[in-house]
There are 2 protein chains.
Amino acid sequence: MRVVIPFDATDPKTRLGPTLSPAERDAFAHAMAREVIETVRAAGGDPHVVATEATALDAPSTVDDRPLNAVVDDAIAAETPVAVVMADLAIATPAAVEDLFETPGDVVLAPGRGGGTNAMVVRDPAFHVDYHGASIRDHRRVAREAGLALSEVDSFRLATDVDEPDDLVEVLLHGDGAPADWLREAGFQVQITDGRPTAGRA
Amino acid sequence: MRVVIPFDATDPKTRLGPTLSPAERDAFAHAMAREVIETVRAAGGDPHVVATEATALDAPSTVDDRPLNAVVDDAIAAETPVAVVMADLAIATPAAVEDLFETPGDVVLAPGRGGGTNAMVVRDPAFHVDYHGASIRDHRRVAREAGLALSEVDSFRLATDVDEPDDLVEVLLHGDGAPADWLREAGFQVQITDGRPTAGRA
């Protein structure tokens, strides 16, 4: 299956600004995207990166700096079935992505923490996306209004996107690929602060 | 399978203090525990509540106000296999809990967001728990050091415990039982703040 991986190559992961410098954010975002590309391949998918500008990522790529909704809606119109997997699912596993691919339904959604939609499979071109706000709720509504069969995948690893400093500890605790390696090489480790684990530099 | 559900009946959910009054925290914590009890039963488990003081929850119960580690270690010593499911997994589904029960391994862990261990099955009494700090990492280590076969369950619904105001939106977006009903009746709804969904009162 064609798997679209949208990637902000221009100013990635701005919400990690309190923790990472701009150059570090760029490097870490690329490490996450590389990991997602490998994971999608290991799950049997054909990754296709849609980046806001040219990148050196090892996958077929298109440059498209339009908003995410337009990019994904064009991908759905061009070909179904199609999957969309976000480039910051740093702890996604091949098993979780296979589960996404194999779950039946006209539309299969993998919710992200905080109301996002971190991955999906679309098998019917009557679906369209709306990534603004509580997108999981909007995507359920769009599927319902179009009379489409909707499924959801229950995966912590697909639900974990890495947007904020608090998310980094998940990568250290559960990741075993390039993003976890990058964080460790950058000096991050699990620290217990007020009884709660966080990712910090010594 | 016997399923131990530890429950703080004395001063529950203190970290929801910024959002809920003490009486509301008590009512909401009970709504979550009732939902977890029902979900465990629907998954074929035999729930047994261990509460810090007597409660009106509809399940066989023991009062035990010792620390969590002592309570769970005693349960493991008393009988294996045994499962432990936290009382605040407000969006857990029977399917996710069945998956936990059916996953093979001497120890099966369901990680929680932020390094916690939200549910487990223990089939070998050589295991013991350590819920302080990054417990998922400690539980992996305990299993490894005891030479036990370790598995993990990948579930967003088991990974979502409700500790902080930010967690409430998950209940509104993904829950369909007593906790979601309680929040709605208390006036909570999904609100979009700075582009991000949160649970707030109008």
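Since the structure is predicted, the reported quantities are computational estimates derived from the model, not experimental observations. (Residues numbered from 1 in each chain as written. Chains lettered and ligands numbered in written order. Predicted model: local features only at pLDDT ≥ 70, side-chain atom pairs only at ≥ 80, totals over all residues. Heavy atoms only, no water.)

**Student:** Tell me about the overall build of chain A, and please be specific about residues and values.
**Tutor:** A count of helical and extended segments in chain A gives 7 helices and 9 strands. Taking contacts inside chain A between residues at least 6 apart in sequence as the whole, the part at least 24 apart equals 59%. With an accessible surface of roughly 8,200 Å², chain A has 47% of that area assigned to carbon and sulfur atoms. Once the 17 positive and 35 negative side-chain charges of chain A are each reduced to a mean point, those two points are 4 Å apart. (Helix = DSSP H or I, 4+ residues; strand = E, 2+ residues; numbered from the N terminus. Contact = heavy atoms within 4.5 Å. Areas by Shrake-Rupley, 256 points an atom, 1.4 Å probe, with all protein chains shown as cover. Lys, Arg positive; Asp, Glu negative; His and termini not counted. Charge placed at Lys NZ, Arg CZ, Asp CG, Glu CD.)

**Student:** I'd like a rundown of the environment of Gly133 of chain B, residues and numbers included.
**Tutor:** Looking at the element boundaries, Gly133 of chain B is found in the loop between β6 (117–122) and α4 (135–145). By relative accessible area, Gly133 of chain B is classed as buried at 16%. When the C-alpha atoms of Gly133 of chain B and Ser151 of chain B are compared, they prove to be 20 Å apart, with 18 residues separating the residues in sequence. In this view, Gly133 of chain B contacts Ile192, Gly195 and Pro197 of chain A together with Gly115 of chain B; residues no more than four positions away in its chain are not counted. (Buried < 20%, exposed > 50% of the residue type's maximum accessible area, 1.4 Å probe, protein only.)

**Student:** An account of the interface of chain A and chain B is needed here, citing residue identities and associated values.
**Tutor:** In this complex, chain A contributes 28 residues to the contact, which on the side of chain B involves 28 residues. For the pairing of chain A and chain B, the buried interface totals around 2,400 Å² over both sides, and the portion due to carbon and sulfur atoms is 52%. If you sort the residues of chain A by the area they bury against chain B, Arg113, Asp154 and Phe156 of chain A come out on top, with a joint share of 27%. Across the contact surface, chain A and chain B share 4 salt bridges. For the salt bridge of Arg113 of chain A with Asp167 of chain B, the shortest nitrogen-to-oxygen distance reads 2.9 Å. Applying the counting rule to chain A against chain B returns 16 residue pairs in polar contact (both at pLDDT 80 or more). (Buried area = accessible area lost by both parts, 1.4 Å probe. Salt bridge = Lys/Arg side-chain N within 4 Å of Asp/Glu carboxyl O. Polar contact = N/O pair within 3.5 Å; in protein donor to acceptor, adjacent residues only side chain to side chain.)

**Student:** Now, about the side chain of Asp163 of chain A: what can you tell me, with residues and values included?
**Tutor:** Residue and element names in this part refer to chain A. Within the secondary structure layout, Asp163 lies in the loop between α5 (156–159) and α6 (168–174). A polar contact is formed between the side chain of Asp163 and the side chain of Lys13, at a distance of 2.8 Å. Not counting residues within four places of it along the chain, the set of residues in contact with Asp163 comprises Lys13, Arg15, Leu16 and Asp88.

**Student:** For the pairing of strand β9 (residues 196–201) of chain A, give the residues involved together with the corresponding values.
**Tutor:** Residues and elements named next belong to chain A. Two elements, strand β8 (residues 188–193) and β9, share 6 bridges in a ladder whose sense is antiparallel. Bridge pairing in β9 places Gln189 opposite Gly200. Linking β8 back to β9 in an antiparallel pair, the connection comprises 2 residues, with Asp194 at a positive phi of about 55°. (Pairing = 2+ DSSP bridges.)

**Student:** Before we move on, could you go through the sheet that holds strand β5 (residues 107–111) of chain A and cite the residues and values that matter?
**Tutor:** By way of backbone hydrogen bonds, the strands of a sheet pair with one another, either parallel or antiparallel. Residues and elements named next belong to chain A. Sheet architecture is open: 7 strands sit in the order β3-β2-β1-β4-β6-β5-β7, paired in mixed fashion. The strands lining the two open edges of the sheet, one partner per strand, are β3 (61–63) and β7 (150–152). When strand polarity is set aside, the average angle formed by the axes of neighbouring strands in this sheet is 20°. Two strands pair when backbone bridges link them, and strand β4 (residues 82–85) and strand β6 (residues 117–122) are joined in this way by 4 bridges, in the antiparallel orientation. (Axes fitted to C-alpha atoms, helices over the stretch in contact; angles between N-to-C directions.)

**Student:** Just give me the short version of the packing of helix α1 (residues 22–42) of chain B against helix α7 (residues 178–185) of chain B, but keep the residues and values in it.
**Tutor:** Any two packed helices are characterised by the angle at which their axes cross and by the distance between the axes. Residue and element names in this part refer to chain B. Axis separation between α1 and α7 bottoms out at 8 Å; the angle between their running directions is 155°. Between α1 and α7, the crossing angle belongs to the class labelled roughly antiparallel. The segment α1 lies against α7, with Glu24, Ala27, Phe28, Ala31, Met32 and Glu35 engaging Ala178, Pro179, Trp182 and Leu183. Among the residues forming the contact of α1 with α7, the class breakdown is 8 nonpolar, no polar and 2 charged. (Parallel < 35°, antiparallel > 145°, perpendicular 65-115°, else oblique. Nonpolar A, V, L, I, M, F, W, Y, C, P; charged D, E, K, R; others polar.)

**Student:** So, α7 of chain B: which residues are in play, and what are the values?
**Tutor:** All names here are of chain B. Looking only at α7, the buried set comprises Pro179, Ala180, Trp182 and Leu183. Around the axis of α7, the buried residues are gathered within 160° of arc, so they sit on the same side. Of the residues flanking the end of α7, it is Gly187, one or two places downstream, whose phi is positive at about 95°. (Arc of directions from axis to C-beta.)

**Student:** Explain the relation of the copies chain A and chain B residue by residue, including any values.
**Tutor:** Superposition of the two copies of the chain requires a rotation about an axis and a shift along the axis. Its rotation angle being 180°, the transformation that places chain A on chain B also includes 0.0 Å of axial translation and leaves an RMSD of 0.0 Å. What the superposition gives is, in effect, a two-fold axis relating one chain to the other. (Least-squares fit on C-alpha atoms with pLDDT ≥ 70 in both.)

**Student:** Can you explain the sheet that holds strand β2 (residues 46–51) of chain B? Please cite residues and give values.
**Tutor:** Residues and elements named next belong to chain B. Strand order across the open sheet formed by 7 strands is β3-β2-β1-β4-β6-β5-β7, with mixed pairing between neighbours. A single partner strand is all that each edge strand has here, and the edge strands are β3 (61–63) and β7 (150–152). Neighbouring strand axes in the sheet, compared pairwise and without regard to direction, differ in orientation by 20° on average. Across the sheet, α1 lies against β1 (2–7), β2 and β4 (82–85), angled at about 175° from β1, the strand it touches most. The strands touched by helix α2 (residues 68–78) within the sheet are β1, β2, β4 and β6, with β4 carrying the most contacts at an inclination of about 155°.

**Student:** Hey, could you go over the layout of surface pockets for me, with residue numbers and the actual values?
**Tutor:** The probe, sized like a water molecule, is rolled over the atoms to show the empty space still left. Each pocket or cavity is described by its volume, and for the second largest pocket that value is around 300 Å³. Only α3 (94–102) of chain A together with α3 (94–102) and α5 (156–159) of chain B provide two or more residues apiece to the lining of the second largest pocket. (1 Å grid on protein atoms, 1.4 Å probe; cavity = no way out; pocket = protein on both sides within 12 Å on 5 of 7 lines; lining within 4 Å. Points joined across faces, edges and corners; volume = space filled by probe spheres on them.)

**Student:** I'd love a proper account of helix α1 (residues 22–42) of chain A, names of residues and values included.
**Tutor:** Residues and elements named next belong to chain A. For α1, with 21 residues, the first-to-last C-alpha span of 30 Å sits near the 30 Å given by 1.5 Å per residue. What α1 keeps buried is the set Arg25, Phe28, Ala29, His30, Ala31, Met32, Ala33, Glu35, Val36, Ile37, Thr39 and Val40. Elements that come into contact with the buried residues of α1 comprise β1 (2–7), β2 (46–51), β4, α3, α6 and α7 (178–185). A positive backbone phi angle near 95° is found at Gly44, which sits one or two residues after α1. (Expected span 1.5 Å × (residues − 1).)

**Student:** So what about the pattern of salt bridges? Which residues, and what values?
**Tutor:** Scanning all chains against the criterion turns up 24 salt bridges over all chains. Put simply, Lys13, Asp88 and Asp163 of chain A are held in one network by salt bridges that share partners.

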